[in-house]
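Residues per chain are reported as follows:
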There are 2 protein chains.
Amino acid sequence: MGEFDLIKDYFEQSQTCDDFVQLSIGDDCALVTLPENSWLAITTDTMVEHTHFLPSISPQDLAYKAVATNLSDLAAMGAQPRWISLALTLPKADEVWLAAFSQSLLQTLKNYNVTLIGGDTTKGTLSVTITAQGLVEKGKALCRHQAKVGDLIYVSGSLGDSAAGLQQILSGKSAVGFDEEFLQQRHLRPTPRLVLGETLVGIANAAIDLSDGLNSDLRHILKRSQCAAEIDLSHLPFSPSLLNRYDRRQAEQFALSGGEDYELCFTVPPENQSMFESRLKNLDVPCTCIGRIVSPFGEKCGQFSIRFFRDGQPIDYSPNLGFDHFKE
Amino acid sequence: MGEFDLIKDYFEQSQTCDDFVQLSIGDDCALVTLPENSWLAITTDTMVEHTHFLPSISPQDLAYKAVATNLSDLAAMGAQPRWISLALTLPKADEVWLAAFSQSLLQTLKNYNVTLIGGDTTKGTLSVTITAQGLVEKGKALCRHQAKVGDLIYVSGSLGDSAAGLQQILSGKSAVGFDEEFLQQRHLRPTPRLVLGETLVGIANAAIDLSDGLNSDLRHILKRSQCAAEIDLSHLPFSPSLLNRYDRRQAEQFALSGGEDYELCFTVPPENQSMFESRLKNLDVPCTCIGRIVSPFGEKCGQFSIRFFRDGQPIDYSPNLGFDHFKE
């Protein structure tokens, strides 16, 4: 099996029909159009073996997660996903692996109404780079730099599950009980919060998806928006499964520094709170207010940083800054 | 130096201003708009160490080539390049290497008026994946499937130089003489034929860029267009440097099976030939007619394949099909 047969056999299958895709896989480029009044949101994420996943990961989980983490970035902009390009680097053309990977990839794309429009297949260490693109109404995207003093800070879903699930996988624990299964699935199969993201357009000021841990990711909003935050740790939402297996302090660490939850963290101005809470009733994604945006602190305290509270009382707490590829 | 400092220090520098880029590096997604009456052309190419380049390649040459090969795909659609996303996988954060790589990347983008709008930086075997995007007038892109029987087949520039240059690099030859320098530069610094590509819009029926060798790449046009080709090998354009160092038969093999020339191969209907030849006078890219598109052959001969000639006489010739990652 050669490179071109491989692409044809596994990836050039019938897909969701998208009126805006003029030309898909099989030429030098794909060709797309945009509907009027739309901006195109573009994001790229790479997953490398040994860095982002263990060699033991199933091809199905790898394909799912590579798509989901990219769609999560679109969700964080309030964008509706439309198409992706796939750059797949493989050590060899293993047909069983490829059949499982491509089937999972195409099924995941179908579930989100997304078209695979092209890519590149090369030889090397296993690695998946996806460039995902989506549409958002002109001028309405949720950006990191638009948080305002007074905004309420929310997070979706529950935090820390993914880091706990990863710890279990790394320690070789198989997913025997409900809680273990839940936590490991939260690591392997994160849910991109796309419907929530689209709902937040026109309501939230700023948003980010939680890929590196709340402590690190929220700081990106603070730095870009030139403000600070107060977070009450007692408000952090945890799943029953996480609290069944870990104490609260450990759960907090997972949430703040663990990463890969792919929940959304966003800021809502108080005047939009009631509208937001009422729209939230139509979604099946719980969202929790965990703090608020405040004026920058003095230079000594880190101007654009986070002050932590527990049960309303300020505490002295410096959680780890979360995953960074090039820091020890 | 951490991941975020690295992106900030090396890649988040002032760039060409593009009115269509609404938001660039530093958020979950970049945001762009399209001008009216434009289609967006999208292409992705990966370069992996040991597969696409030797560890000895300079960071400057690597950055240049990663950009140029992607822009070449846009040229083959007749598209004008606008922005790229960069997924860079690095074994470590080597500041000297990164400074050289990013400077060359940004300078190359500037030369082509292209904006770096985002990407991802991860740890692993050195690998560069670029997704490049460009604009082409609605309905006017040069596709592989539109060649018609009777079209004249042209190639730009000279063929085979890159494969010869690679052979020299692999054999450890340093670029001492003019010819060696020329051939090695043609391998390391291919020129994306962007102006030619845009000129061909409305003139050529089909186009492809020559990345895997003429024999392999032309067949993509033939298969997609459901036709066959006749090529006269005596018309293949070779550089003086190639013919100074190799005999004509070896030059033909480089051209047909060697790849990485990143010249354009395109088909022009006879009624457009004089308009094409006159527009060509304003460009500094020589183009050579090497054959024509003909009706499909019988099934026994390979319906959508190439019949070779030399000095007008049919010859029995089956050149290697060119580079394929997963074929021996």
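What you are looking at is a predicted structure, and each value in this text was computed from that prediction instead of being measured.

Trainee: Quick one: what's the story with the overall build of chain A, residue by residue and with numbers?
Mentor: Assigned secondary structure in chain A consists of ten helices and 13 strands. Expected size for 328 residues packed as a compact globule is a radius of gyration near 20 Å; at 20 Å, chain A falls within 12% of this value. The dimensions of chain A, computed from C-alpha atoms along their principal axes, are 65 × 50 × 40 Å. Sorting the 328 residues of chain A into buried and exposed places 62% on the buried side. Expressed as a percentage of contacts within chain A between residues at least 6 apart in sequence, the contacts between residues at least 24 apart total 84%. Looking at chain A as shown, the accessible area adds up to about 13100 Å², and 48% of this sits on carbon and sulfur atoms. The centroid of the 27 positive side-chain charges in chain A is displaced by 6 Å from the centroid of its 41 negative side-chain charges.

Trainee: Give a description of empty space enclosed by the protein that names residues and reports values.
Mentor: Under the defined criterion, the tally for this structure stands at two cavities of 30 Å³ or more. A volume near 70 Å³ is recorded for the largest cavity. As for the largest cavity, its lining consists of A:Val48, A:Thr89, A:Thr125, A:Ser127, B:Val48, B:Thr89, B:Thr125 and B:Ser127. In the lining of the largest cavity, the residues fall into two nonpolar, six polar and no charged. Here the second largest cavity is characterised by a volume of approximately 30 Å³. Every residue lining the second largest cavity is listed: A:Ala87, A:Thr89, A:Ser127, A:Val128, A:Thr129, B:Thr46, B:Ser127 and B:Thr129. Top contributing element to the lining of the second largest cavity by residue count: strand β6 (residues 127-137) of chain A, with three residues. Across the lining of the second largest cavity, the residue classes tally to two nonpolar, six polar and no charged.

Trainee: Describe in detail the packing of aromatic side chains, supporting the description with residues and values.
Mentor: All names here are of chain A. Applying the stated criterion to the full structure yields 16 aromatic pairs over all chains. Ring plane angle 75 degrees and centroid distance 6.4 Å describe the contact between Phe11 and Phe101, whose orientation is recorded as edge-to-face. Placement of the pair is Phe11 in helix α1 (residues 3-11) and Phe101 in helix α3 (residues 95-111), with a sequence separation of 90 residues. As far as the burial class goes, Phe11 and Phe101 line up, both buried. Linked through ring pairs, Phe11, Trp97 and Phe101 together constitute an aromatic cluster. Lying over the aromatic face of Phe297, Arg307 brings its terminal NZ or CZ to 3.9 Å of the ring centre.

Trainee: How would you sum up the UniProt feature "domain: PurM-like N-terminal" (unreviewed entry) in chain A? Please name residues and give values.
Mentor: As annotated in UniProt, the feature "domain: PurM-like N-terminal" (unreviewed entry) corresponds to residues 26-136 of chain A in the numbering used here. End-to-end, the C-alpha atoms of residues 26-136 of chain A are 27 Å apart, and along that stretch the chain is 31% helix and 40% strand.

Trainee: Could you give an account of the UniProt feature "binding site: ATP" (unreviewed entry) in chain A, with specific residues and numbers?
Mentor: Residues and elements named next belong to chain A. Under the UniProt annotation, the feature "binding site: ATP" (unreviewed entry) is placed at Gly119, Asp120, Arg144 and Ser211. With a sequence span of 93 residues, these residues are also far apart in the fold, their greatest C-alpha distance being 31.1 Å. Residue placement: Arg144 occurs in the loop between β6 and β7 (152-156). By relative accessible area, which is 12% here, Arg144 ends up buried. As for its position among the elements, Ser211 is in the loop between β8 (206-209) and α7 (214-225). When sequence neighbours within four positions are dropped, the list of residues in contact with Ser211 reads Asp217, Gly259, Glu260 and Tyr262.

Trainee: An account of the relation of the copies chain B and chain A is needed here, citing residue identities and associated values.
Mentor: With an RMSD of 0.0 Å, the fit of chain B onto chain A corresponds to turning through 180 degrees and sliding 0.0 Å along the axis. On this basis, the relationship between the two copies can be described by a two-fold rotation axis. A high fraction, 100%, of the interface residues of chain B reappear at the interface in chain A, so the copies pair face to face through one surface.

Trainee: I'd like a description of the pattern of salt bridges, backed by residues and values.
Mentor: If you walk through the whole model with that rule in mind, you get 24 salt bridges over all chains. Here B:Asp27 makes a salt bridge to A:Arg144, at a shortest N to O gap of 3.6 Å. Pair noted here: B:Asp27 is in the loop between β1 (21-23) and β2 (30-32) and A:Arg144 is in the loop between β6 and β7, and the two residues belong to different chains. As far as burial versus exposure is concerned, B:Asp27 and A:Arg144 are alike and both buried. A salt bridge links A:Glu230 to A:Arg292; its shortest N-O distance comes to 3.5 Å. Separated by 62 residues along the polypeptide, A:Glu230 in strand β9 (residues 228-232) and A:Arg292 in strand β11 (residues 287-294) bring together distant segments of the chain. One connected set of salt bridges, linked through shared partners, spans A:Asp161, A:Arg186, A:Arg193 and A:Glu263.

Trainee: I'd like to hear about the pairing of strand β11 (residues 287-294) of chain B, residue by residue, with values.
Mentor: Two faces belong to every sheet, and in a regular strand the side chains alternate between them. All names here are of chain B. Bridge count for strand β7 (residues 152-156) against β11 is five bridges, and the pairing is antiparallel. Paired with Tyr154 across the bridge in β11 is Cys289. Sheet topology note: the strand β9 (residues 228-232)/β11 ladder contains four bridges and is antiparallel. Bridge pairing in β11 places Glu230 opposite Arg292.

Basis of the calculations
Counting restarts for each chain: residues are numbered from 1 in the order of the written sequence. Chain letters and ligand numbers both follow the written order, the letters beginning at A and the numbers at 1. With pLDDT at 70 or above as the cut-off, local features in this predicted model cover only qualifying residues; side-chain atom pairs require 80 or more to be listed or tallied, and sums for whole chains, interfaces and linings still use all residues. Each side-chain value is worked out from all heavy atoms of the structure, with water and hydrogens disregarded. Numbering of helices and strands runs from the N terminus, with a helix taken as a DSSP run of H or I at least four residues long and a strand as a DSSP run of E at least two residues long. We compute the radius of gyration over the C-alpha atoms and compare it with the globule rule, which gives 2.2 Å times the number of residues raised to the power 0.38. Three labels apply to residues, based on accessible area from a 1.4 Å probe with only protein chains included: buried if under 20% of the type maximum, exposed if over 50%, partly exposed otherwise in between. We call two residues contacting when some pair of their heavy atoms lies within 4.5 Å. Calculation of accessible area relied on Shrake-Rupley with a 1.4 Å probe; when residues are assessed, cover is drawn exclusively from the protein chains displayed. In this tally, Lys and Arg are treated as positive and Asp and Glu as negative; His is ignored, and so are the chain termini. The atoms used to mark charge sites are NZ of Lys, CZ of Arg, CG of Asp and CD of Glu. Two kinds of site are reported from a 1 Å grid over the protein atoms alone, namely cavities, where a 1.4 Å probe fits but cannot get out, and pockets, open sets with protein on both sides within 12 Å along at least five of seven lines, and residues are called lining when an atom falls within 4 Å of a point. Grid points are joined across faces, edges and corners, and a volume is the space filled by probe spheres set on the points. Each residue gets one label: Ala, Val, Leu, Ile, Met, Phe, Trp, Tyr, Cys and Pro are nonpolar, Asp, Glu, Lys and Arg are charged, and the others, such as Gly, are polar. Between the rings of Phe, Tyr and Trp (Trp by its six-membered ring), a pair exists once the centres lie within 6.5 Å; its type follows the angle of the planes, with under 30 degrees stacked, over 60 edge-to-face, and the other angles tilted. Counted as over-ring charges are cases with an Arg CZ or a Lys NZ within 6 Å of the ring centre that also lie within 35 degrees of the ring normal. UniProt positions are given in the numbering used here, feature names are shortened, and annotations may be inferred rather than shown by experiment. What sets the superposition is a least-squares fit of C-alpha atoms, and only residues with pLDDT of at least 70 in both copies go into it. What counts as a salt bridge is simple: a side-chain nitrogen of Lys or Arg found within 4 Å of a carboxyl oxygen of Asp or Glu. Pairing between two strands requires that DSSP report at least two bridges joining them.

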